[in-house]
Amino acid sequence: MAEGENEVRWDGLCSRDSTTRETALENIRQIIVRKTECLRLVKETPYRPADGLSNAVSLDGLNKLLAHLLMLSKRCPFKDVREKSEFILKSVQELGIRIPRPLGHGPSRFIPEKEILQVGSEDAQMHTLFADSFAALGRLDNITLVMVFHPQYLESFLKTQHYLLQMDGPLPLHYRHYIGIMAAARHQCSYLVNLHVNDFLHVGGDPKWLNGLENAPQKLQNLGELNKVLAHRPWLITKEHIEGLLKAEEHSWSLAELVHAVVLLTHYHSLASFTFGCGISPEIHCDGGHTFRPPSVGNYCICDITNGNHSVDEMQVNSAGNVLVSDSFFEVEALMEKMKQLQECRDEEEASQEEMASRFEIEKRESMFVFSSDDEEVTPARDVSRHFEDTSYGYKDFSRHGMHVPTFRVQDYCWEDHGYSLVNRLYPDVGQLIDEKFHIAYNLTYNTMAMHKDVDTSMLRRAIWNYIHCMFGIRYDDYDYGEINQLLDRSFKVYIKTVVCTPEKVTKRMYDSFWRQFKHSEKVHVNLLLIEARMQAELLYALRAITRYMT
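Reading the values: the criteria
Residues numbered from 1 in each chain as written. Predicted model: local features only at pLDDT ≥ 70, side-chain atom pairs only at ≥ 80, totals over all residues. Heavy atoms only, no water. Helix = DSSP H or I, 4+ residues; strand = E, 2+ residues; numbered from the N terminus. Areas by Shrake-Rupley, 256 points an atom, 1.4 Å probe, with all protein chains shown as cover. Phe/Tyr/Trp six-rings, centres within 6.5 Å; stacked < 30°, edge-to-face > 60°. Buried < 20%, exposed > 50% of the residue type's maximum accessible area, 1.4 Å probe, protein only. Axes fitted to C-alpha atoms, helices over the stretch in contact; angles between N-to-C directions. Parallel < 35°, antiparallel > 145°, perpendicular 65-115°, else oblique. Contact = heavy atoms within 4.5 Å. Nonpolar A, V, L, I, M, F, W, Y, C, P; charged D, E, K, R; others polar. Polar contact = N/O pair within 3.5 Å; in protein donor to acceptor, adjacent residues only side chain to side chain. 1 Å grid on protein atoms, 1.4 Å probe; cavity = no way out; pocket = protein on both sides within 12 Å on 5 of 7 lines; lining within 4 Å. Points joined across faces, edges and corners; volume = space filled by probe spheres on them. Core = buried A, V, L, I, M, F, W, Y, C linked by side-chain atoms within 4.5 Å. Left-handed = near helix turned anticlockwise from the far one by under 90°. Salt bridge = Lys/Arg side-chain N within 4 Å of Asp/Glu carboxyl O. pLDDT = per-residue confidence, 0-100.

(A) Up close: the overall build of the protein chain. For the protein chain, the count of helices and strands is 23 helices and 8 strands. Element-wise, carbon and sulfur atoms account for 51% of the exposed surface of the protein chain, whose accessible area totals about 25500 Å².

(B) Structural view of the packing of aromatic side chains. Tallying each qualifying case throughout the model produces 23 aromatic pairs. Both rings, one in tyrosine 153 and one in phenylalanine 157, keep their centres 6.1 Å apart while their planes meet at 25°; by these two values the pair is stacked. With tyrosine 153 and phenylalanine 157 both in helix H6 (residues 151-166) and 4 residues apart, the pair spans about one turn of that helix. The pair tyrosine 153 / phenylalanine 157 is uniform in exposure class, with both members buried.

(C) The packing of helix H17 (residues 415-426) against helix H23 (residues 520-550), seen in detail. In contact at an axis separation of 10 Å, H17 and H23 are set at 70° when each is read in the N-to-C sense. Taken together, the axis directions place H17 and H23 in an arrangement best described as roughly perpendicular. Residue-level contacts link Trp415, Gly419, Leu422, Val423 and Arg425 of H17 to Gln536, Leu539, Leu540, Leu543, Ile546, Thr547 and Met550 of H23. For the contact of H17 with H23, the per-class residue count stands at 8 nonpolar, 3 polar and 1 charged.

(D) Focus on the side chain of histidine 150. Mapping histidine 150 onto the fold places it in the loop between helix H5 (142-147) and H6. Within polar-contact distance, the side chain of histidine 150 engages the side chain of tyrosine 446 at 2.8 Å. Among all residues touching histidine 150, those that are not within four sequence positions of it are Leu444, Tyr446, Ser521, Val524, His525 and Leu528.

(E) Structural detail: empty space enclosed by the protein. As enumerated under the stated definition, the model contains 2 cavities of 30 Å³ or more in all. Size it by volume and the largest cavity reaches roughly 80 Å³. Every residue lining the largest cavity is counted, 14 residues in all, and those nearest its centre are Asp141, Ile143, Gln161, Leu195 and Leu271. When residues of the lining of the largest cavity are traced back to their parent elements, those giving at least two are H5, H6, helix H8 (190-202) and helix H12 (255-277). In terms of residues, the lining of the largest cavity owes the most to one element, H6, which gives 4 residues. For the lining of the largest cavity, the class distribution of residues is 9 nonpolar, 3 polar and 2 charged. Lining of the second largest cavity is provided by Tyr153, Phe157, His267, Ser270, Leu271, Lys437, Ile531, Glu532 and Met535.

(F) Molecular detail of the environment of alanine 185. The topology assignment puts alanine 185 in helix H7 (residues 173-185). By relative accessible area, alanine 185 is classed as buried at 0%. In the structure, alanine 185 is positioned 87 residues away from alanine 272 in sequence and 8.8 Å away in space, judged by C-alpha atoms.

(G) How the structure looks around the nonpolar core. Within the largest apolar cluster, 137 residues are counted, with the highest numbers of intra-cluster contacts made by Met147, Leu223, Trp253, Leu258, Phe274, Ile464 and Ile496. Of the residues forming this core, the biggest block, 16 residues, is contributed by H23. In contact with leucine 223, other than residues within four places in its own chain, are Ile179, Met182, Leu245, Trp253, Leu258, Ala261 and Leu265. Ile28, Leu72, Ile97 and Ile284 belong to the second-largest nonpolar core, a separate cluster that totals 29 residues.

(H) Representation of the packing of H12 against H23 within the structure. Put simply, H12 and H23 touch, their axes get as near as 9 Å, and they point 155° apart. Judged by the angle between their axes, H12 and H23 are roughly antiparallel. The crossing of H12 and H23 is right-handed. Where H12 approaches H23, its residues Leu255, Leu258, Val259, Val262, Val263, Thr266, His267, His269, Ser270, Ser273, Phe274 and Gly277 are matched on the opposing element by Val524, Asn527, Leu528, Ile531, Arg534, Met535, Glu538, Leu539, Ala542, Ile546 and Met550.

(I) Up close: the side chain of histidine 525. Tracing the chain through its elements places histidine 525 in helix H23. When near neighbours in sequence (up to four residues on either side) are disregarded, histidine 525 contacts His150, Ala441, Leu444, Thr445 and Arg461.

(J) Geometry of the pattern of salt bridges. Within this structure, the stated rule accounts for 22 salt bridges. With a closest N to O distance of 2.8 Å, glutamate 26 and arginine 29 form a salt bridge. Highlighted residues: glutamate 26 and arginine 29, both in helix H1 (residues 18-44), separated by 3 residues, approximately one helical turn. For arginine 29, a relative accessible area of 27% translates into the label partly exposed. A salt bridge links lysine 437 to glutamate 532, with the nearest nitrogen and oxygen atoms 3.0 Å apart. With a gap of 95 residues between them, lysine 437 in helix H18 (residues 430-443) and glutamate 532 in helix H23 connect regions that are remote in the sequence.

(K) Summary view of the environment of proline 406. For proline 406, the location among the structural elements is in the loop between helix H16 (382-385) and strand S5 (408-409). Linking proline 406 and tryptophan 235, residues 171 residues apart in sequence, is a C-alpha distance of 8.7 Å.

(L) Representation of the confidence of the model for the protein chain. Put simply, the protein chain has an average pLDDT of 85, and 82% of its residues get 70 or more. At the low end of the mean pLDDT range in the protein chain sits helix H13 (residues 302-306), at 36; at the high end sits H12, at 98. Counting interchain partners and residues more than four positions distant, the pLDDT-below-50 stretch residues 297-325 has 24 contacts.

(M) Up close: helix H10 (residues 224-232). Within H10, 8 of the 9 residues are buried, leaving the element largely enclosed by the surrounding structure. Within H10, the full set of buried residues consists of Gly224, Leu226, Asn227, Lys228, Val229, Leu230, Ala231 and His232. The secondary structure elements touched by the buried residues of H10 are H7, helix H9 (218-222), helix H11 (239-246), H12 and H23.

(N) Geometry of unusual backbone geometry. In this structure, glutamine 188 takes a positive phi of about 55° despite not being glycine. Counting through the fold element by element, glutamine 188 comes out in the loop between H7 and H8. Even without glycine at this site, glutamate 249 takes up a positive phi of about 55°. Checked against the element boundaries, glutamate 249 lands in the loop between H11 and H12.

Here's what the structure looks like:
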């Protein structure tokens with residue numbers, strides 16, 4: 001824990017009892033006043049070179065506390081904590097100490113802040129959800145604030161994550177957060193790495209482990225290979241990977257521990273996809289989320305223009321003042337028409353099994369050639385890459401270089417009949433929670449598409465889910481893969497493949513270029529489908545390997 005934070009007890013602010021919160025806030029205020037007074041005395045004392053380092057450390061400690069207070073003033077679901085945090089910050093500023101301000105424009109770099117639910121304006125049901133999340137984690141993170149577009153899913157997601165990280169289970173708490181760090185680091189997701197570094201230290205994790213995977217116990221180091229293959233090429237996982245972990249003498253994993261670890265790895269690989277896919281901004285109290293510099297003239301940064309973060313009005317007006325209908329309007333109409341035609345074809349004729357198998361192979365092959373024009377290697381930063389080995393190992397399409405990977409037939413091994421029961425047997429209740437989350441994401445619908453209402457979107461949702469599984473070699477015998485090319489255009493396929501396979505390469509341009517007429521809530525909905533389909537694909541390969549080892 002950073003100096004300055006280790007003497008502060010933030011836990012009391014998570015209480016639902018206002019008196020407990022008030023006492024905690026008063027203690028925090030007194031600590032900050034003491035530190036501020038010390039710094040003021042230092043400023044008034046003649047400078048001695050020997051004091052330089054300790055003064056810098058003291059200021060750094062105070063700054064971390066002030067950044068945490070800034071986060072609470074903006075993100076705490078309890079109004080009294082928001083107001084008192086803001087009051088403490090203003091008091092410090094009045095004493096001549098510089099206070100932080102938020103950087104960026106809200107929880108997402110892709111979604112305008114005005115379209116995201118503001119903390120403090122939520123209804124009673126949402127407030128309960130926010131309070132539960134805050135009580136569990138001590139924060140209301142940006143992922144939660146973007147997922148809040150879909151409350152039913154968010155509730156299931158938070159319940160599952162809480163169980164994986166904090167409830168009774170085979171793995172100790174610090175192992176859980178360290179595995180989260182290892183998984184997020186595979187995609188260079190500094191956002192998740194930073195959050196779980198703080199959580200790891202908070203539950204008593206050894207800071208030395210954070211210097212690199214080689215400093216962690218051998219048991220965790222051994223997990224690195226499975227983490228690597230699962231994140232980038234899950235179709236290569238074999239029962240030998242499983243055997244190597246379960247039979248490592250004094251560093252062996254138990255089956256229950258391994259299932260817990262596999263679920264955590266797949267959860268955080270997928271969450272990295274969501275983080276990049278929705279352009280999640282750094283948390284206010286973390287690096288990149290705040291600054292102590294005063295705002296620039298007009299509080300507008302030229303980098304916003306170069307990054308394409310300025311607002312562009314969707315409607316275009318011609319010289320006569322008439323509103324022009326954009327191309328994206330016709331994209332929605334064309335998609336609706338294709339869905340209607342496909343439904344009519346389904347009703348009229350059904351393709352043979354041979355034809356269905358052939359269409360799958362065609363789609364699987366074609367998915368290999370879907371890549372972005374700005375697809376370039378991303379070199380991981382040292383602070384992230386130290387949490388995993390073999391930094392050059394990444395996603396590769398199956399059949400490159402003449403390599404053939406057999407098709408994974410869901411009819412032979414599926415989540416509902418095989419994976420679910422295996423997880424539940426070795427890690428009770430988690431199978432149920434994950435299954436509920438899969439079902440909510442897959443079936444979630446508001447029967448809308450852009451400006452249209454009363455639309456059956458099941459065909460489109462199934463095409464997205466099955467396309468992701470197709471990229472992983474997973475085939476449903478009863479699905480006509482010819483529908484995918486009809487419903488998903490190239491820009492959408494590029495976005496899907498990037499988010500699922502190489503999320504660290506997602507750009508705002510990719511996000512903006514697909515489904516241009518659709519609402520941001522609908523694009524977030526797409527991301528929920530992507531992360532759950534990805535998680536299920538990874539789980540299927542890992543659990544099948546465990547099943548093969550057990551038999």
